[in-house]
Amino acid sequence: VTGVQTCALPISGLVLTVTPLGLVTTANPASILYGQPVPTLGGVLSGVLPQDAGKVAAVFNCGAVALSAVGIYPIGAMLTGSAAGNYTVSLTPANLTIAKAPTLTSLSASTGATSLGLPVTLTMQAASTTSGVPTGSVTLMDGATVLSMTPLAANGAAAFATSSLALGSHALSAVYSGDGNFLPSTSAMAGVTVGTVSDFALAATGVASQAIPAGSAATFNFSVAMQGAALASPIGLA
């Protein structure tokens, strides 16, 4: 007898009821990183009668879609096919697990060499190794010293400008803190060297070289560009 139906038999008013046959399906567990595509889920269906082979199948699904948050998503199953109405299904539980995705953090400086008191802009970026954009904050380190903790913009970037770096060499790094969907990461080192401030700069305004007889004099003209406060004493050239 195919289908779910009730038959009235012409024998003493007896009624024969045909109920759906129970099937068992087992889903295959799966795991992905946040930002990866949700895979096609599969499993095993058992108990289908020979006459219904090819007429009923199990389709597996879960509530996860692209960029679903990190977590555990139970896998469900439903029957499809022309004979699906003849069966019910019970599911052996399984889950799709979405884990945090790794990140890559980068750091760049507007200059690798500067003078004391002059500004340096440090640009930081936290990027996904899958898809999506990390959120949270990034900490700028000067060796073991924290220079700043800056929230990431919508594109995963942050910038910090400072004119307070001390004299000497600085090994700077950016540390991304991670969030609910992304793992922390640390950038490669960016070196910045801070030197003393020049008082002035000279630039030739005329010829830069002359040929003269021995014992004669030559005159050169320069412009003076002050780098800081005006000088109170003359500039001596040697």
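(A) Fine view of unusual backbone geometry. Phi at L67 is positive, roughly 65°, even though this residue is not glycine. For L67, the position within the fold is in the loop between strand 6 (57–61) and strand 7 (71–74).

(B) Spotlight on the sheet that holds strand 9 (residues 87–92). A sheet is described by the order of its strands in space; here 3 strands give the open sequence 5-3-9, paired in mixed fashion. Lying at the two open borders of the sheet, with one neighbouring strand each, are strand 5 (43–46) and strand 9. Averaged over all adjacent pairs, the angle separating strand axes in this sheet is 25°, with direction ignored. Across 4 bridges, strand 3 (residues 21–27) lies against strand 5 in antiparallel orientation. Within strand 5, the residue paired with V24 across the bridge is S46.

(C) Representation of the packing of aromatic side chains. Going through the model one piece at a time under the given rule, you end up with 1 aromatic pair. Between the aromatic rings of Y34 and F182, the centroid separation amounts to 5.2 Å while the plane-to-plane angle is 85°, which identifies the pairing as edge-to-face. Within this pair, whereas Y34 is found in the loop between strand 4 (30–33) and strand 5, its partner F182 is found in the loop between strand 17 (168–176) and strand 18 (185–186), the two being separated by 148 residues in sequence.

(D) Layout of the nonpolar core. Ranked by internal contacts, the top residues of the largest apolar core, which has 30 residues, are C62, I75, L107 and M124. The set of elements that each furnish at least two residues to this core consists of strand 10 (95–99), strand 13 (120–128), strand 14 (137–142), strand 17 and strand 19 (190–195). Among the elements that take part in this core, strand 13 stands out by supplying 4 residues, more than any other. Excluding anything up to four places from it in sequence, I75 contacts A27, N28, P29, L41, F60, N61, C62, L91, A94, N95 and L96. Of all hydrophobic cores here, the second largest spans 6 residues; its members include L23, V56, L79 and A84.

Criteria and cut-off values
Residues numbered from 1 in each chain as written. Predicted model: local features only at pLDDT ≥ 70, side-chain atom pairs only at ≥ 80, totals over all residues. Heavy atoms only, no water. Helix = DSSP H or I, 4+ residues; strand = E, 2+ residues; numbered from the N terminus. Pairing = 2+ DSSP bridges. Axes fitted to C-alpha atoms, helices over the stretch in contact; angles between N-to-C directions. Phe/Tyr/Trp six-rings, centres within 6.5 Å; stacked < 30°, edge-to-face > 60°. Core = buried A, V, L, I, M, F, W, Y, C linked by side-chain atoms within 4.5 Å. Buried < 20%, exposed > 50% of the residue type's maximum accessible area, 1.4 Å probe, protein only. Contact = heavy atoms within 4.5 Å.

Keep in mind these values describe shape, not function.
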